[in-house]
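Tertiary structure, described
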Amino acid sequence: MRSELDKKWMQHALTLADNAEALGEIPVGAVLVDDEDNIIGEGWNLSITDSDPTAHAEIVALRQGGKSLQNYRLLNTTLYVTLEPCTMCAGAILHSRIKRLVFGASDYKTGAVGSRFHFFDDYKMNHSIEITSGVLQEECSQKLSTFFQKRREQKKVIKQKNNIEK
């Protein structure tokens, strides 16, 4: 049952990632769900659009969740995100006191939930979070790979165009 719900919400997060990609942002989506399976927050990367380095999908979803619940503590919630959170987002997740974190693709460059760093493994943390990784991992990874491949091709075309004009 839980794995089916996890797939359902990760699919929703993937749909939210499409919103980021449509804006030229890295396609990462996040959805925050309460224990009764209601959306209380959702977001996608908006760092470029908003000129805000903190506007990662997770932060946007957590902010929306806080406003929805009228509380900075997001107890009894699960955050689904298509990409492993970075250290900034891991810190916000910790302070929000969510119950569960579910992510799809690992981030070997900046991931803070086991790939690059192990943020939640410190026994001195005052809150523990249940973590599930690899949900729809292939789909999440493919979305990012395709985005960056397109971006590299665009840069190549621009570079070729600039060389021709010289």
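These numbers were taken from a predicted model, which means no experiment stands behind them.

In the numbering used here, UniProt assigns the feature "domain: CMP/dCMP-type deaminase" (unreviewed entry) to residues 4-116. Between the end C-alpha atoms of residues 4-116 the distance is 28 Å, and the span holds 37% helix and 22% strand.

Our focus in this paragraph is the state of the cysteines. Under the criterion given, the structure shown has 0 disulfides. Just so you know, Cys 140 is unpaired, no disulfide at all, and the nearest cysteine sulfur is the one on Cys 89, 15 Å from it.

Compared with an ideal rise of 1.5 Å per residue, which puts 21 residues at 30 Å, helix 1 (residues 2-22) spans 31 Å between its outermost C-alpha atoms and is within 8% of the ideal. Taken together, the buried positions of helix 1 are occupied by Asp 6, Trp 9, Met 10, Ala 13, Leu 14, Leu 16, Ala 17 and Ala 20. Residue Gly 24 follows helix 1 closely and has a positive phi angle near 85 degrees.

What follows is about the environment of Leu 69. Structurally, the position occupied by Leu 69 is in helix 2 (residues 57-69). A residue is classified by how much of its surface remains accessible, and Leu 69, at 37% relative accessible area, is partly exposed. Residues Leu 69 and Ile 40, 29 residues apart in the sequence, show an inter-C-alpha distance of 7.5 Å. Ignoring anything within four residues of it in the chain, the contact list for Leu 69 reads Ile 40 and Leu 74.

Of all hydrophobic cores here, the largest spans 35 residues; its most connected members are Met 10, Leu 79, Ile 93, Ile 98, Leu 101 and Phe 120. Of all the secondary-structure elements, those providing two or more residues to this core are helix 1, strand 1 (29-34), helix 2, strand 3 (77-83), helix 3 (87-96), strand 4 (100-105) and helix 4 (137-165). For this core, the element with the most residues is helix 1, which contributes 5 residues. Setting aside chain neighbours within four positions, we find Ile 93 in contact with Leu 62, Leu 79, Pro 85, Ile 98, Leu 101, Phe 120 and Ile 129.

Parameters and conventions
Starting from 1, residues in each chain are numbered consecutively following that chain's sequence as written. Owing to the predicted nature of the model, reporting of local features is limited to residues with pLDDT of at least 70; listing and counting of side-chain atom pairs is limited to 80 or more, with chain, interface and lining totals taken over all residues. Hydrogens and water are ignored here; the side-chain numbers use all heavy atoms of the structure. UniProt positions are given in the numbering used here, feature names are shortened, and annotations may be inferred rather than shown by experiment. We count a stretch as a helix when DSSP gives it H or I for four or more residues in a row; a strand needs E for two or more, and each element gets its number in order from the N terminus. Here, two cysteine sulfur atoms that lie within 2.5 Å of each other are counted as a disulfide. Working rule for helices: expected span equals 1.5 Å times residues minus one. The buried label goes to any residue with under 20% of its type's maximum accessible area, the exposed label to any with over 50%, and the partly exposed label to all in between, with areas taken from a 1.4 Å probe on protein chains only. Throughout, a contact is declared for two residues whenever any of their heavy atoms are within 4.5 Å. Here, nonpolar core refers to any group of buried Ala, Val, Leu, Ile, Met, Phe, Trp, Tyr and Cys residues whose side-chain atoms link them within 4.5 Å.

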